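What follows is the residue order along each chain.
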Amino acid sequence: MTASAAITLSLPLTNAMAADNLSLAGGADGSSKASGTSYGNVKDGNTSTYWSPSSATGYVSVKWSSATSVSSAVIKQASGGGSISAWRVLNGDSGSQLASGSGSPGTINFSATSLKKLTFEITSASAAPRISEFETYSSGGSTPTTSPTSGPTSPTPSPTGGTGTPTGAWPSSAGNVSISGTVSVSGTFDGGMKTYCCIGDGSQDESQDPMFKIANGGTLQNVIIGSPAGDGVHCEGTCTIRNVWWNDIGEDAATFKGTGGGTSYVIGGGARNGSDKTFQHNGNGTVSISGFYLSGSGKLYRGCGNCSSSYQRHVKIDNVLVNNIDMVAGINSNWGDTATITRVTVTNSSDLTVCGKYQGVAKGSEPKYLGEGWNDSNCKVKESDITYK
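Residues numbered from 1 in each chain as written. Predicted model: local features only at pLDDT ≥ 70, side-chain atom pairs only at ≥ 80, totals over all residues. Heavy atoms only, no water.

Draft legend 1. Broad picture of unusual backbone geometry. With an omega of 5°, the peptide bond running from Cys-197 to Cys-198 counts as cis. Among the secondary structure elements, Cys-198 is positioned in the loop between strand S9 (188–197) and strand S10 (212–214). Omega for the peptide link from Ser-227 to Pro-228 comes to 5°, which places this bond in the cis form. Along the polypeptide, Pro-228 turns up in the loop between strand S11 (218–225) and strand S12 (233–235). A positive phi is found at Asn-273, a non-glycine position, where the angle reads about 65°. With respect to the helices, strands and loops of the structure, Asn-273 is situated in the loop between strand S16 (270–272) and strand S17 (277–281). Even without being glycine, Arg-343 reaches a positive phi, approximately 50°. As for its placement among the helices and strands, Arg-343 is situated in strand S21 (residues 338–347). With relative accessibility at 45%, the residue Arg-343 sits in the partly exposed group. (Helix = DSSP H or I, 4+ residues; strand = E, 2+ residues; numbered from the N terminus. Buried < 20%, exposed > 50% of the residue type's maximum accessible area, 1.4 Å probe, protein only.)

Have a look at this one:
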């Protein structure tokens with residue numbers, strides 16, 4: 001931030017600006033706050049005050065006593081804090097994602113939503129950022145009077161946008177952690193890019209224990225999973241798996257088991273060396289996969305076709321790179337499953353099925369493959385969404 005910009009932004013807000021920025025009339029809360037900072041600083045109209053989380057990640061919310069229509073937000077940062085590399089905007093009432101992106105945010109646009117709380121979540125940063133203002137604007141309202149101070153305005157992200165375009169590059173390990181049983185995750189578990197190993201026998205035996213079990217609402221991030229990894233990761237409700245890398249998929253990389261609806265997220269990361277499914281969806285609701293790299297496997301996603309309980313399931317896949325796999329998504333069309341697939345880059349997969357339809361059956365029987373779908377009520381994907389290299 002230049003000195004001249006700081007002086008300009010320290011001037012009092014005009015009445016027009018106060019009327020436009022909905023945050024000024026609301027309250028604020030969040031996940032944590034660093035010493036000397038306050039949640040209320042993000043909605044006081046003063047860019048010389050700020051909120052910081054107590055670590056590199058966290059969230060801050062603005063809230064209102066009655067439902068308010070919001071369609072954009074402006075995030076302003078004070079100098080001296082960490083650099084944001086990934087973020088999300090959430091409907092604080094429902095927890096659903098309205099927007100996401102990588103890099104430093106500026107003006108963020110999303111579909112107009114009526115809510116009582118809007119949340120800005122920092123999912124990755126070099127250190128604790130300093131958020132001076134979290135401005136919010138209504139549907140059809142005025143363009144924000146002040147410009148963002150955090151650099152160029154980010155493009156409007158897709159609803160399932162990940163943490164950047166996957167390249168196929170594999171991360172370096174920051175060290176090794178030996179485990180002998182399942183690690184239970186409640187809240188946020190940050191592995192610091194260390195390799196966690198090992199559990200199970202590396203086979204397709206579905207009776208193996210998972211390496212990580214994530215409680216409802218939990219987050220697993222910045223982990224490299226070694227081999228063997230047992231039954232990978234289990235999400236017991238809704239969860240977020242961010243920047244997690246599987247050296248060997250084993251049975252499944254992750255299984256989504258929650259039956260309370262909602263959306264679970266796989267954001268960034270990658271997996272390799274699998275023989276069947278990568279992400280297995282046994283529960284209901286939606287799985288959103290974005291910014292992910294997969295090499296050498298059967299399917300990226302499969303909605304269970306013969307579990308003990310049958311559900312309607314949905315998957316959203318965006319901005320992924322797949323190499324040498326058989327199918328992007330397998331769904332059960334007779335149960336009303338949907339797959340929304342955009343921005344998929346394919347290498348070394350000449351016989352790839354993008355969206356495969358199955359007939360789901362009762363436990364003990366095998367699902368029947370019905371064929372590939374394109375741009376229909378179940379397979380929401382166009383050929384133009386797939387790039388072959």
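Draft legend 2. The arrangement of the environment of Met-327 in detail. By the secondary structure assignment, Met-327 is in strand S20 (residues 313–332). Through-space distance from the C-alpha of Met-327 to that of Gly-356 is 7.1 Å; in sequence the pair is 29 residues apart. Excluding residues that lie within four positions of it along the chain, Met-327 makes contacts with Gly-298, Lys-299, Leu-300, Leu-352, Thr-353, Val-354, Gly-356, Tyr-358 and Tyr-369. (Contact = heavy atoms within 4.5 Å.)

Draft legend 3. Broad picture of the packing of aromatic side chains. Enumeration according to the criterion identifies 12 aromatic pairs in this entry. Residues Trp-87 and Phe-120 carry aromatic rings whose centres are separated by 6.3 Å and whose planes lie at 35° to one another, so their mutual orientation is tilted. With Trp-87 in strand S3 (residues 84–91) and Phe-120 in strand S5 (residues 107–125), this pair connects stretches of sequence that are 33 residues apart. The same class applies to Trp-87 and to Phe-120, which are both buried. On the numbers, 5.7 Å between centres and 65° between planes, the contact of Tyr-196 with Phe-212 is edge-to-face. Of this pair, Tyr-196 sits in strand S9 while Phe-212 is found in strand S10, placing the two residues 16 residues apart along the sequence. Phe-212 carries the same exposure label as Tyr-196, and that label is buried. Counting every residue linked through ring pairs, the aromatic cluster contains Trp-246, Phe-256, Phe-279 and Phe-292. One residue, Arg-302, lies across the ring of Tyr-358, its end atom 3.9 Å from the ring centre. (Phe/Tyr/Trp six-rings, centres within 6.5 Å; stacked < 30°, edge-to-face > 60°. Lys NZ or Arg CZ within 6 Å of the ring centre and 35° of its normal.)

Spatial relationships are all this shows, so hold off on functional conclusions.
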